[in-house]
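Listed below, chain by chain, are the residues.
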Amino acid sequence: MDNKLMLMIPGPTPVPEQVLLALAKHPIGHRSGEFSQIMAEVTQNLKWLHQTQNDVLVLTASGTGAMEAGIINFLSPGDRVLVGCNGKFGDRWADLSAAFGLEVEKITADWGKPLDTEQFREKLSADTEKKIKAVIITHSETSTGVLNDVETVNRYVKDHGEALIIVDAVTSLGAVNLPVDAWGLDVVASGSQKGYMIPPGLGFVCVSPKAWEAYKTAKLPRFYLDLGSYRKTAAKNTNPFTPPVNLVVALQAALRMMQAEGLEAIFARHQRLMRATRDAVKALSLPLFAPDDAASPAITAVIPSSVEAEQVRAVMKKHFDIVLAGGQDHLKGKIFRIGHLGFVSERDILAAIGALEASLGELGYESMTPGAGLAAAARVFAQS
Ligand SMILES: *Cc1c(COP(=O)(O)O)cnc(C)c1O
């Protein structure tokens, strides 16, 4: 049956009808007064979403473009940076920093485990000469479903005093509390196809006054992603280059929906989706990849032992038109990941868990009581 595809991957995420309808409008001129009004509203609402008075700049780029802008605008060749690496996206930060000639020191943890905040404390407190220019960290590590403790790492960065904290919030923004001003985060990068509930194509960078100070002396080359030009034009509710106007109109619709739901309610919903998914997976005797105390509310990774992860994905797609994500790099074929980020409801989780049970049954998986997963998820939803 057509038109029944259900995306349960951590991006692109499902898009609400209001947003699809907004996308279907004729493009308008990006130098028009009408578009400036939209930019003004969007800019205000982006600050609301980030819980900040800082600039939040809109780029035509995927999330990685926002990450790159977050590096090249604030650092210089040879600068020493500490990079947290416990998954694909932490590694991307390290590769990106190395590509621009930064001196990268990695703080690593096994994939599936959270970063050890003590290691950041030790490195930062030993740096009495203030050589470390930035600490770079992924909040929700999408490749493993681990949520890193940015709040604690940030405290050590503040004790250090000099270093900037640069955060990949691509699958945490709009899913879990990330109060940019209360914590004093310097650079926060995100992308449209995740918690924002719109298609891919926009990147966002949130920049603190301290980061703007660093911008003045940063020497890496920059042009298209020079955030200074975005800041200048944002002050006039416009853009340095032609933005994807339809995506900005979609963003306006999505941010209105988020405001109507409320930040607390959005975070609580993601907590419920995460708990229901994890309880259901446990009830089906499938091992979870990330521990309970460091689980991402955006994505749950499962590492099945007596059934093939890729076969589960194949049956889910073929039989139920539900798309789950696979593993990346060395986890290819070993894990499958259930996305529950953005425009996802409790009903979607019940549908996905029901289909998962049916798929496991079809594959001859015997370590479950049929219905146990659904019952566990329903219990979580009944409590709330
Ligand atoms: C999706 C994602 C990105 C950005 O990826 P793009 O494909 O460039 O949009 C970055 N970090 C994390 C944690 C992500 O989940």
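Being a predicted model, the structure only gives us computed values, none of them experimental. (Residues numbered from 1 in each chain as written. Predicted model: local features only at pLDDT ≥ 70, side-chain atom pairs only at ≥ 80, totals over all residues. Heavy atoms only, no water.)

As for the packing of aromatic side chains
Then, number 1: Following the criterion strictly, the structure yields 6 aromatic pairs and no others.
Then, number 2: Pairing Tyr224 with Phe241 gives two aromatic rings, centres 5.1 Å apart and planes at 25°, and the pair type is stacked. In this pair, Tyr224 is assigned in the loop between α8 (209–217) and α9 (227–234) and Phe241 in the loop between α9 and α10 (245–261), connecting sequence segments 17 residues apart.
Then, number 3: Its relative accessible area of 28% is what places Phe241 among the partly exposed residues. (Phe/Tyr/Trp six-rings, centres within 6.5 Å; stacked < 30°, edge-to-face > 60°. Helix = DSSP H or I, 4+ residues; strand = E, 2+ residues; numbered from the N terminus. Buried < 20%, exposed > 50% of the residue type's maximum accessible area, 1.4 Å probe, protein only.)

Considering the packing of helix α11 (residues 263–283) against helix α13 (residues 346–362)
Then, number 1: One way to put it is that α11 packs onto α13 with a least axis distance of 10 Å and a crossing angle of 15°. Taken together, the axes of α11 and α13 lie roughly parallel to each other. For the pair α11 and α13, the sense of crossing is right-handed. Residue-level inspection shows Arg272, Leu273, Ala276, Thr277 and Ala280 of α11 in contact with α13, the latter providing Glu346, Ile349 and Ile353.
Then, number 2: Residues belonging to the contact of α11 with α13 are distributed by class as follows: 5 nonpolar, 1 polar and 2 charged. (Axes fitted to C-alpha atoms, helices over the stretch in contact; angles between N-to-C directions. Parallel < 35°, antiparallel > 145°, perpendicular 65-115°, else oblique. Left-handed = near helix turned anticlockwise from the far one by under 90°. Contact = heavy atoms within 4.5 Å. Nonpolar A, V, L, I, M, F, W, Y, C, P; charged D, E, K, R; others polar.)

Some words on the sheet that holds strand β1 (residues 6–8)
The strands making up a sheet are joined through hydrogen bonds of the backbone, oriented either antiparallel or parallel.
Then, number 1: What the 4 strands build is an open sheet, ordered β1-β12-β13-β11; its pairing is mixed. The two strands at the open ends of the sheet, each matched to only one other strand, are β1 and β11 (299–302). Direction aside, neighbouring strands of the sheet carry axes that sit 35° apart on average.
Then, number 2: Direction of pairing for strand β12 (residues 322–326) relative to strand β13 (residues 336–339): antiparallel, over a ladder of 2 bridges. Bridge pairing in β13 places Gly326 opposite Phe336. (Pairing = 2+ DSSP bridges.)

Overview of the site of the ligand
Then, number 1: The local shell around the ligand holds 14 residues, among which Ser62, Thr64, Thr142, Asp168 and Lys194 are the closest.
Then, number 2: A distance of 2.8 Å is found between an oxygen atom of the ligand and a side-chain nitrogen or oxygen belonging to Lys194.
Then, number 3: For the shell around the ligand, the secondary-structure elements that each account for two or more residues are α3 (63–72) and α4 (88–99).
Then, number 4: Here the shell around the ligand gets 3 residues from one element, more than from any other, and that element is α3. (Near = heavy atom within 4 Å. Polar contact = N/O pair within 3.5 Å; in protein donor to acceptor, adjacent residues only side chain to side chain.)

A few points about the pairing of β13
Then, number 1: Side-chain alternation along β13 places Phe336 and Ile338 on one buried face and Arg337 and Gly339 on a second face that is also buried.
Then, number 2: Two strands pair when backbone bridges link them, and β11 and β13 are joined in this way by 4 bridges, in the antiparallel orientation. Paired with Thr300 across the bridge in β13 is Ile338.

Notes on the domain arrangement of the chain
Then, number 1: When the domains of the chain are assigned, the result is domain 1 (17–260) and domain 2 (262–383).
Then, number 2: Counting from both sides, the interface comprises 27 residues of domain 1 and, opposite them, 24 residues of domain 2.
Then, number 3: Carbon and sulfur atoms make up 67% of the area that domain 1 and domain 2 hide from each other, which totals about 2,200 Å².
Then, number 4: Contact with domain 2 buries surface across domain 1, with Trp111, Gly145 and Ala175 losing the most and accounting together for 24% of the total.
Then, number 5: Our count for the contact surface shared by domain 1 and domain 2 stands at 1 salt bridge.
Then, number 6: Two residues, Lys88 and Asp329, come together in a salt bridge whose shortest N-O distance is 3.2 Å.
Then, number 7: At the boundary of domain 1 with domain 2, the tally comes to 7 residue pairs in polar contact (both at pLDDT 80 or more).
Then, number 8: Of all the secondary structure elements, the ones that give two or more residues to the side of domain 1 that touches domain 2 are α2 (33–50), α4, β7 (146–147) and α10. (Domains from an automatic or database assignment. Buried area = accessible area lost by both parts, 1.4 Å probe. Salt bridge = Lys/Arg side-chain N within 4 Å of Asp/Glu carboxyl O.)

Let's talk about the side chain of Asn45
Then, number 1: Of note, Asn45 is situated in helix α2.
Then, number 2: Once residues lying within four places of it in the same chain are set aside, the contact partners of Asn45 are Leu255 and Gln259.

Focus: the nonpolar core
Then, number 1: In this structure, Leu46, Phe120, Leu185 and Leu251 are the most contacted members of the largest nonpolar core, which totals 52 residues.
Then, number 2: Considering every element that reaches this core, the biggest residue donor is α10, with 10 residues.
Then, number 3: Looking at which domains feed residues into this core, each of domain 1 (17–260) and domain 2 (262–383) supplies at least three.
Then, number 4: The residues contacting Leu185, other than those within four sequence positions of it, are Asn54, Val150, Asn154, Ile165, Val167, Leu178, Val180 and Ser208. (Core = buried A, V, L, I, M, F, W, Y, C linked by side-chain atoms within 4.5 Å.)

Considerations on the sheet that holds strand β3 (residues 80–85)
Then, number 1: If you walk across this open sheet you meet the 7 strands as β2-β10-β9-β8-β5-β3-β4, and the pairing is mixed. Strands with a single pairing partner mark the edges of an open sheet, and in this sheet they are β2 (55–60) and β4 (103–108). Going across the sheet, the axis of each strand differs from the next one's by a mean of 20°, ignoring polarity.
Then, number 2: Bridge analysis of strand β9 (residues 187–191) against strand β10 (residues 202–207) gives 5 bridges, and the strand direction is antiparallel. Looking at the pairing, Val187 lines up with Val207 of β10.
Then, number 3: This element, α4, spans β3, β4, β5 (132–138) and β8 (164–168) of the sheet and lies at about 160° to β3.

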